[in-house]
Amino acid sequence: QVRLVESGGGLVQAGGSLRLSCAASGRTFSNKMGWFRRAPGKEREFVAGITLSGGNTYYADSVKGRFTISRDNAKNTVALQMNSLKPEDTAVYYCAAGPGTVLLTVGSGYNYWGQGTQVTVSS
């Protein structure tokens, strides 16, 4: 069992930055990790993913160049640095963990999820 706890959400003006963190506990931190988000009235969507080694990262087109995912395996944490935030980035952001390296950009590739943290970007 893996428990994931997100933190770092909040209210920020457009153009600002936020850093989300996800702390993992339980089983060995040996999974691919991802961030997803769900905006009001919309389906959950992939935001960013990172492999176990941290050597490979993937991003949704909508956040490329603005968001950066990173992980610290020694501390069992994964972070999402979000810069140049836009109102359309407003959503609940979820941290996820899953086995292997396949299906990194889809929700079905993950079997552990955090409770989510709200990010609100005002215009």
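Cut-off values and rules
Residues numbered from 1 in each chain as written. Predicted model: local features only at pLDDT ≥ 70, side-chain atom pairs only at ≥ 80, totals over all residues. Heavy atoms only, no water. Helix = DSSP H or I, 4+ residues; strand = E, 2+ residues; numbered from the N terminus. Buried < 20%, exposed > 50% of the residue type's maximum accessible area, 1.4 Å probe, protein only. Contact = heavy atoms within 4.5 Å. Core = buried A, V, L, I, M, F, W, Y, C linked by side-chain atoms within 4.5 Å. Disulfide = S-S within 2.5 Å.

Caption draft 1: Spatial organisation of the side chain of Arg 66. Along the chain, Arg 66 falls in the loop between strand 6 (57-59) and strand 7 (67-72). Judged by its relative accessible area of 9%, Arg 66 is buried. When neighbours within four sequence positions are excluded, Arg 66 is seen to be in contact with Gln 81, Met 82, Asn 83, Ser 84, Leu 85, Lys 86 and Asp 89.

Caption draft 2: Looking closely at unusual backbone geometry. Phi is positive for Asn 76, which is not a glycine, with a value near 55 degrees. By secondary structure assignment, the location of Asn 76 is in the loop between strand 7 and strand 8 (77-82). The backbone of Leu 103 sits at a positive phi, close to 55 degrees, despite the residue not being glycine. Position of Leu 103 among the secondary structure elements: in the loop between strand 9 (91-98) and strand 10 (112-113).

Caption draft 3: Broad picture of the environment of Val 47. By the secondary structure assignment, Val 47 is in strand 5 (residues 45-50). For Val 47, the residues in contact, after removing those within four places along its chain, are Trp 35, Phe 36, Arg 37, Tyr 58, Tyr 59, Ala 60, Val 63, Phe 67, Leu 80 and Tyr 93.

Caption draft 4: Spotlight on the nonpolar core. In terms of nonpolar packing, the biggest core is built from 33 residues, with Leu 4, Trp 35, Leu 80, Met 82 and Tyr 93 touching the most fellow members. Secondary-structure elements contributing two or more residues to this core are strand 1 (2-7), strand 3 (18-26), strand 4 (32-38), strand 5, strand 7, strand 8, strand 9 and strand 11 (117-122). Leaving out residues up to four positions away in the same chain, Leu 4 has contacts with Cys 22, Ala 23, Ala 24, Met 33, Cys 95, Ala 96, Ala 97, Tyr 112, Trp 113, Gly 114 and Gln 115.

Caption draft 5: Fine view of the state of the cysteines. Overall, the coordinates contain one disulfide when judged by the stated rule. Here Cys 22 pairs with Cys 95 through a disulfide, and the sulfurs are 2.1 Å apart. Looking along the S-S bond of the Cys 22-Cys 95 disulfide, the torsion reads about -80 degrees, which is the left-handed sense. Of this pair, Cys 22 sits in strand 3 while Cys 95 sits in strand 9, and the two are 73 residues apart along the sequence. Overall, Cys 95 belongs to the buried group, its relative accessible area being 0%.

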